[in-house]
Amino acid sequence: MTTAVAAPTARGVVNPHAGSASLPVQVLVLARRSIKGALSRPQGYMPAVIMPLLLLTINSSGLSDATRIPGFPADRFLDFLLVITFMQAALFATSNAGLGLARDIEEGFMDRLALTPMRTGALVTAQISGAVVIAFGAAIVYIIIGLATQVDFHSGVLGVLLLLVLATWTAFCFAAIGAWLALRSGSSEALQGIFPLLFASLFLSTLNMPRDLIEAEWFQVVTRFNPVSYMVDGMRSLIITGWDGRALLEMVAVLALVSGIGIAGCARALRRRQAQG
Amino acid sequence: MQRSSEDNGIEVRGLVKQFKTGPKAVDGIDIDVAPGEIYGFLGPNGAGKSTTVNMLVTLLPPTAGRATVAGWDISTQGPDVRKTIGAALQAVALDNFLTAREHLRLIAALQGITGPRARTRADELLHRVGLEEAADRKVGGFSGGMKRRLDLALALVHEPRVLFLDEPTTGLDPQSRTSLWEEVRRLAREDGVTVFLTTQYLEEADVLADRVGIINRGVIVAEGTPAALKAEIGAPTIEIVPTGDDDRVAMSRVLEQFGELHPEAGSPGSVAVRLDQDLAKRASLVTIIRAIDEAGLQVAEVRQHDPSLDDVFLAKTGRTLEGATDAEAGVAEPVAR
Amino acid sequence: MTTMPRFLLAARAVAWRHLYKWITVPANFMPTFIFPLIFFGGFAGALGRVGDVPGFDYDANYTSWIFVFSLLQTCLFGGLATGFTIAGDFQSGFARRLMLAVADRRSILLGYVMSTFARAAVMSAVVTGVAALTGLEVLGSVAELAAMYALALCLSICGTLWAAGVMFRARDPQLGPAMQIPMFIAIFLAPVYVPLDLLEGWLHAVASVNPITYVMQAARDLLAGHPHDTSIAVYAIAGLMGLLLVWALTGVRAAERAGG
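Residues numbered from 1 in each chain as written. Chains lettered and ligands numbered in written order. Predicted model: local features only at pLDDT ≥ 70, side-chain atom pairs only at ≥ 80, totals over all residues. Heavy atoms only, no water.

## A word on the overall build of chain B
Move 1: In terms of regular secondary structure, chain B is built from 13 helices and 14 strands.
Move 2: Across the 337 residues of chain B, 53% fall into the buried class.
Move 3: Put simply, of all contacts in chain B between residues at least 6 apart along the chain, 70% involve residues at least 24 apart.
Move 4: Of the roughly 14500 Å² of accessible surface on chain B, a fraction of 48% belongs to carbon and sulfur atoms. (Helix = DSSP H or I, 4+ residues; strand = E, 2+ residues; numbered from the N terminus. Buried < 20%, exposed > 50% of the residue type's maximum accessible area, 1.4 Å probe, protein only. Contact = heavy atoms within 4.5 Å. Areas by Shrake-Rupley, 256 points an atom, 1.4 Å probe, with all protein chains shown as cover.)

Below is the structure:
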């Protein structure tokens, strides 16, 4: 085992011996810092936890009549809408990774890191990893809430495990996009301006209604081209349908595509930032 | 409700401010500032200066005591106080998205001044504080000095009769500091504005203030004109460096007749004496040099140290003003929330 | 020389700054447009079939049903955005400048109410325009529509008074959720998606005593050209405004006591 390294013990303080650590250890140290930073700001994450639960509670009751629409795929709207919590956790990962990285750039932490043997790429990976770990924890909590409210996970235990994997992967996609935007803009303010669009992508998807029951044609078109719809449908299928190969394949394809775009975007933006000094 | 007087003075009686935690930030102070006077309020960080100002400008209600500003009671006639006063507080709070001119127009409107009068006043003040060229730039890009100057202009928009300046030169370069002093002096002398100035710079109080009040741990420990305060604590200290090291003992013997020797006051190799009060009135430096000459001693260097306000502070509180830190000052002034 | 009382001049100046910053700073401008449109688009687009459930009795289409919710939400949440402006001013110290410059500090509150009202009027027009493009059905007369907008704009006053009351006390943008979440709950605990009669259990019980329910119902009836029980909505909103006015004014007093 490589010797333990306490690299940036606090924001802006970097251990000069950190270079002796391997890249995974560097990432681990920085990810721990990222998680600690995110969890130390309850005002940042509490709304992200409370709001989806509120929406879930209120909408599942307010829209319970929607289950009477012929062809509606679930007996309870709560089961249908549980996916909103995983999606919100993924959106939160964008802000966790993106804002964390943007702050590191604004406060000069990234530049200082560049003066040490540590790799700046480790910081990006760590911010993404930290956000993903938090989203994973949140997903476990939401599954427990689902079980407590008697949501019938049609795909069984294996399906629940796959749901956890997919929720975490979705969070990774959003975190990578957040990190990319942070690297490009280097500004937390600019990043804040992007969130409404991510929020829009969630609400302009199949989140509230299956595509075949959407009446408005323009909305059907929007949901078809919105990748979030496929993430929603894939995770939801494990809850209310069982094993729907097509929904899962579509989701995996979308996740692979978005992950690829996110990682490539991050790599390119990081290279450009390093080239600019 | 009636005004207690028609003049522009400030009268403070037994003013107290007690925050939820900690000792009293201001502990029963009395102050009288005459109309048109520049009153320097000195003290280290956390002594109670800003808390006092915040009470006098009606931003903070006092816990006990009373005060009038231009005859208006700060506790019961807040709106009238605010119509009369201008204030530039410690933190220069400006809206980064507005220009200097927009700030002036905004504050003018808040004071009830609109139309051509507001425009003219804005132009006049921009000229006076030297911000004409930057008038239409957003203040987000202003330097600290420019912000301070705009802050002063904003305090003057409605031609206040009493001006409160809370550490107005903190962070300013020497040139900006001097020009701000000139403007404050002009306001008092030409426009008859009463100025209540808090500062932790001795030089500022010495140069600018007609009278000085020194506050420490919420209590006023000294008050008077800078000259009177300095005279109160004693006469100058004379420091003599003899040509030869061997002469120091003889030199001490000569100087002893003029006052108390002060071994810690001079530089190494010198002999220092704080002149006796009575003797200081009669004995000049020439008298001392003559006595040294008569004793057959040679002098390499002579220095005279007049008492400073820091000496006043040291004498009244047992510590130096400029060296005092927040922790030493005892009562930390909380940022009022 | 103006004859406008000093109080109103000060309020107008506060309102001018707020509106000016809204228009000139994109970071302030964009979210106020995007969020109401997201909700409208998301709900009206996705939930059209909910209008077909048995017992859903509304003369106009589901887009109109959701439009009224979006309109009220736009107006109410506009006040919350103002709360963040107030808190930001306290954090930057600019609120102290305002409090020092005005004789009567209630004029600051009035200024924010005026600007938020004006902003809500613009936003209402935008939401109406987008709704019209996506199939809004209007069955009410001009007078009925005017009454619907009046109710919505009164809700913007309520939102501002609530947010101002919270932020004059908290004076910290980080406490925004304490201001947002109750309003969020208040509007979502009304008949957002289906009529009150179709709500069941705890949601029906809570919605029945929620004053926003009656404002929402009256506004929908006015849009559909069948106004009834509008007086209940008027009483509800007047009561709400009265209570929130006290809340906001005591908030101003709290800020005065704290020293800005």
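The rest of the description comes next.
## Some thoughts on the pattern of salt bridges
Between side chains of opposite charge, a pair can form when the charged atoms approach closely.
Move 1: Scanning the entire structure with this criterion turns up 29 salt bridges over all chains.
Move 2: In this structure, R49 of chain C engages D52 of chain C in a salt bridge whose closest nitrogen and oxygen atoms are separated by 3.2 Å.
Move 3: Residue classification places R49 of chain C among the partly exposed positions, given a relative accessible area of 21%.
Move 4: Taken together, the shared-partner salt bridges in this structure form one network comprising R128, E183, R186, E190 and D191 of chain B. (Salt bridge = Lys/Arg side-chain N within 4 Å of Asp/Glu carboxyl O.)

## Things to note about unusual backbone geometry
Move 1: Even without being a glycine, E167 of chain B presents a positive backbone phi close to 45°.
Move 2: Within the secondary structure layout, E167 of chain B lies in the loop between strand 7 (162-166) and helix 6 (174-191).

## Some points on the state of the cysteines
Move 1: Counted according to the given criterion, the structure contains zero disulfides over all chains.
Move 2: C266 of chain A takes part in no disulfide bond, and the closest cysteine sulfur, belonging to C173 of chain A, lies 11 Å away.
Move 3: Sulfur of C75 of chain C: no disulfide; nearest cysteine sulfur belongs to C154 of chain C and is 9.6 Å away.
Move 4: A relative accessible area of 0% places C75 of chain C in the buried class. (Disulfide = S-S within 2.5 Å.)

## Side note on the confidence of the model for chain C
Move 1: Of all residues in chain C, 98% have pLDDT values of 70 or greater, and the mean over the chain is 92.
Move 2: Quick note on the complex model: pTM equals 0.82, ipTM equals 0.87. (pLDDT = per-residue confidence, 0-100.)

## A word on a positive patch on the surface
Residue and element names in this part refer to chain A.
Move 1: Together, R184, R268, R271 and R272 make up a region of like positive charge exposed at the surface.
Move 2: Counting residues per element, the positive patch draws most heavily on helix 11 (residues 245-276), at three residues.
Move 3: Structurally, R271 can be placed in helix 11.
Move 4: Using a relative accessible area of 55% as the deciding quantity, one classes R271 as exposed. (Patch = residues over 30% accessible without salt bridge, like charges linked within 9 Å, V, L, I, M, F, W, Y side chains within 5 Å. Lys, Arg positive; Asp, Glu negative; His and termini not counted. Charge placed at Lys NZ, Arg CZ, Asp CG, Glu CD.)

## Things to note about the interface of chain C and chain A
Buried accessible area, meaning the area lost when the parts come together, often serves as the stated size of an interface.
Move 1: Contacts between chain C and chain A engage 32 residues on the former and 32 residues on the latter.
Move 2: Across the interface of chain C and chain A, roughly 3000 Å² is buried in total on both sides, 74% from carbon and sulfur atoms.
Move 3: Together, I38, R49 and F184 of chain C form the three largest contributors to the area buried by chain C at its contact with chain A, with a combined 20%.
Move 4: Taken together, the links from chain C to chain A amount to zero salt bridges.
Move 5: Counting every contact that joins chain C to chain A gives two residue pairs in polar contact (both at pLDDT 80 or more).
Move 6: Among the elements of the structure, helix 2 (26-46), helix 7 (176-188) and helix 8 (201-208) of chain C are those that each provide at least two residues to the side of chain C that touches chain A. (Buried area = accessible area lost by both parts, 1.4 Å probe. Polar contact = N/O pair within 3.5 Å; in protein donor to acceptor, adjacent residues only side chain to side chain.)

## Side note on the sheet that holds strand 9 (residues 211-216) of chain B
All names here are of chain B.
Move 1: With mixed pairing, the six strands of this open sheet are ordered in space as 6-7-8-3-9-10. Only two strands of the sheet have a single partner each, and these edge strands are strand 6 (85-88) and strand 10 (219-224). The average angle at which neighbouring strand axes cross in this sheet is 15°, direction not considered.
Move 2: Sheet topology places strand 3 (residues 38-42) next to strand 9; four bridges connect them, and they run parallel. Bridge assignment links Y39 to a residue of strand 9, and that residue is R211.
Move 3: Its contacts with the sheet place helix 1 (residues 49-56) against strand 3, strand 7, strand 8 (194-199) and strand 9, and it is angled at close to 150° to strand 8.
Move 4: The strands that helix 5 (residues 144-156) touches are strand 6 and strand 7; relative to strand 7, the one it contacts most, it runs at about 155°. (Pairing = 2+ DSSP bridges. Axes fitted to C-alpha atoms, helices over the stretch in contact; angles between N-to-C directions.)

## A closer look at the interface of chain B and chain C
Move 1: Contacts between chain B and chain C engage 31 residues on the former and 32 residues on the latter.
Move 2: Taking both partners together, chain B and chain C bury about 2900 Å²; carbon and sulfur atoms supply 58% of that area.
Move 3: Viewed at the interface, chain C and chain B are joined by three salt bridges.
Move 4: Linking R17 of chain C and D95 of chain B is a salt bridge whose minimum nitrogen-to-oxygen distance equals 2.7 Å.
Move 5: Looking at the side of chain B that touches chain C, the elements that each hand over two or more residues are helix 2 (78-84), strand 6, helix 3 (100-110) and helix 5 of chain B.
Move 6: Across the side of chain B that touches chain C, the residue classes tally to 18 nonpolar, six polar and seven charged. (Nonpolar A, V, L, I, M, F, W, Y, C, P; charged D, E, K, R; others polar.)

## Quick notes on the packing of aromatic side chains
Move 1: Counted under the stated rule, the structure contains 27 aromatic pairs over all chains.
Move 2: Between the aromatic rings of F39 of chain C and F188 of chain C, the centroid separation amounts to 6.2 Å while the plane-to-plane angle is 55°, which identifies the pairing as tilted. Within this pair, whereas F39 of chain C is found in helix 2, its partner F188 of chain C is found in helix 7, the two being separated by 149 residues in sequence. The residues F39 of chain C and F188 of chain C share a single accessibility class, namely buried.
Move 3: Ring pairs connect the aromatic residues F199 and F203 of chain A together with F35, F39, F43, F69, F184, F188 and Y193 of chain C, which therefore count as one cluster.
Move 4: Just above the ring of Y201 of chain B sits the side chain of R177 of chain B; from NZ or CZ to the centre is 4.4 Å. (Phe/Tyr/Trp six-rings, centres within 6.5 Å; stacked < 30°, edge-to-face > 60°. Lys NZ or Arg CZ within 6 Å of the ring centre and 35° of its normal.)

## A word on helix 11 (residues 285-294) of chain B
Residues and elements named next belong to chain B.
Move 1: Taken together, the buried positions of helix 11 are occupied by I288, A291 and I292. Across the axial projection of helix 11, the buried residues extend over an arc of 100°, all falling on one side. Summarising the geometry of helix 11, the exposed residues directed more than 90 degrees from the buried face are D293 and E294.
Move 2: Buried residues in helix 11 make contact with strand 11 (237-242), helix 9 (248-256), strand 13 (271-275) and strand 14 (299-305).
Move 3: Positive phi shows up at G296, right after helix 11, with a value of about 75°. (Arc of directions from axis to C-beta.)

## As for the sheet that holds strand 2 (residues 26-33) of chain B
All names here are of chain B.
Move 1: Here four strands make up an open sheet; going across it, the order is 2-1-4-5 and the pairing antiparallel. One side of each edge strand has no neighbouring strand; the edge strands of this open sheet are strand 2 and strand 5 (72-73).
Move 2: Pairing of strand 1 (residues 10-17) with strand 4 (residues 64-69), which is carried by five bridges, proceeds in the antiparallel orientation. Following the sheet pairing, E11 is matched in strand 4 by T68.
Move 3: On top of the sheet, helix 1 reaches strand 1, strand 2 and strand 4; it is set at about 120° to strand 1, its chief contact.

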